[in-house]
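A look at the structure
These are the residues of each chain, in order.
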Amino acid sequence: MHSNQKRTCKHGFDDLNLNTDEEKLLSAFRQFHSLKPPEMAFEGITRSDVRVLWQLYSYLQHHAEENGMPVSELSESSHMMKAAISRSLKQLEQKKLVIRLQSAEDRRFTKVSLTPEGNQKIKSVIAQTQRLFDLVSERLPVEEFDQITVGLTKLYDAISDSIDQLNAESLPKKN
């Protein structure tokens, strides 16, 4: 495509001429976001559901002595809003992939755990994800893969620090 040609974008930014660094970065983010996971592992569950299953699985691997993960901690560790967690848990419960465990002492306190089917599902997702990364790493030399990883980490840190700065700047000034 010639640089003076208008690019069309399937995300509703048709008049956006992608020629600045910021626009190129946003375009790259949109490209990653539009990727669809392998259907084999995800069949019947959403990305949010996978995120919840992954967080539960990871937590339970490190806290085997506990019979579940507090829902409040699941919300925090998955960086999902409580409403989204509730919606996802409801769907996962209906699919018999998780079970909620309500405290007998305090009915407001709820833990959630994987069922055997949920454990099997997340292990399938993990295996498919590992296979995907194996295929990706076959296509990229180790040096390039390392450079990309370092670059993405730097980008994450820069964005995170910038968000912190913007948040600090928006706080009311104390006299």
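Nothing here was measured: the structure is a model prediction, and the numbers come from that model.

**A short note on the overall build of the chain**
The secondary structure content of the chain amounts to 7 helices and 3 strands. Reading the chain from its N end, one meets helices and strands in the order α-α-α-β-α-α-β-β-α-α. The 175 residues of the chain split such that 23% are buried. The long-range share in the chain, meaning contacts at least 24 apart out of those at least 6 apart in sequence, stands at 45%. Here the chain displays about 13,400 Å² of accessible surface, and carbon together with sulfur accounts for 55% of that area.

**Some points on a nonpolar patch on the surface**
Together, Leu25, Leu26, Phe29, Ile159 and Ile163 make up an exposed nonpolar region whose accessible area comes to about 400 Å². Element by element, the count of residues in the nonpolar patch is highest for helix H1 (residues 21-34), at 3 residues. Mapped onto the elements, Ile163 comes out in helix H7 (residues 142-170). Among the residues examined, Ile163 registers a relative accessible area of 45% and is labelled partly exposed.

**Side note on the packing of aromatic side chains**
In total, this model carries 1 aromatic pair according to the counting rule given. A ring pair is formed by Trp54 and Tyr57, whose centres lie 6.2 Å apart and whose planes are at 35°; its orientation type is tilted. Of the two residues, Trp54 and Tyr57 are both situated in helix H3 (residues 47-62); the distance of 3 residues between them amounts to about one turn of the helix. The exposure class assigned to Trp54 is partly exposed, which follows from its relative accessible area of 40%.

**Here we look at the sheet that holds strand E1 (residues 69-70)**
Each strand in a sheet pairs with its neighbour through backbone hydrogen bonds, running either in the same direction (parallel) or in the opposite one (antiparallel). One open sheet accounts for 3 strands, arranged E1-E3-E2; its pairing is antiparallel. A single partner strand is all that each edge strand has here, and the edge strands are E1 and strand E2 (98-102). Of the strand pairs in this sheet, E2 and strand E3 (residues 110-114) are connected by 5 bridges, and their pairing is antiparallel. Paired with Arg100 across the strands is Val112, a residue of E3. Sheet strands touched by helix H5 (residues 82-94): E2 and E3. Its angle to E2, the strand with the most contacts, is close to 115°.

**Quick word on H3**
Its 16 residues give H3 an end-to-end C-alpha distance of 23 Å, which sits within 8% of 22 Å, the value for a rise of 1.5 Å per residue. For H3, every residue scored as buried is listed here: Asp49, Val50, Val52, Leu53, Gln55, Leu56, Tyr57, Tyr59 and Leu60.

**Things to note about the pairing of E3**
When you tally the buried positions in E3, you get 5 out of 5 residues, the bulk of the element. What you see with E3 is no split at all: Thr110, Val112 and Leu114 on one side and Lys111 and Ser113 on the other are buried throughout. Across 2 bridges, E1 lies against E3 in antiparallel orientation. Note that in E3 the partner of Pro70 across the bridge is Lys111.

What counts as what
- Residues numbered from 1 in each chain as written.
- Predicted model: local features only at pLDDT ≥ 70, side-chain atom pairs only at ≥ 80, totals over all residues.
- Heavy atoms only, no water.
- Helix = DSSP H or I, 4+ residues; strand = E, 2+ residues; numbered from the N terminus.
- Buried < 20%, exposed > 50% of the residue type's maximum accessible area, 1.4 Å probe, protein only.
- Contact = heavy atoms within 4.5 Å.
- Areas by Shrake-Rupley, 256 points an atom, 1.4 Å probe, with all protein chains shown as cover.
- Patch = residues over 30% accessible without salt bridge, like charges linked within 9 Å, V, L, I, M, F, W, Y side chains within 5 Å.
- Salt bridge = Lys/Arg side-chain N within 4 Å of Asp/Glu carboxyl O.
- Phe/Tyr/Trp six-rings, centres within 6.5 Å; stacked < 30°, edge-to-face > 60°.
- Pairing = 2+ DSSP bridges.
- Axes fitted to C-alpha atoms, helices over the stretch in contact; angles between N-to-C directions.
- Expected span 1.5 Å × (residues − 1).

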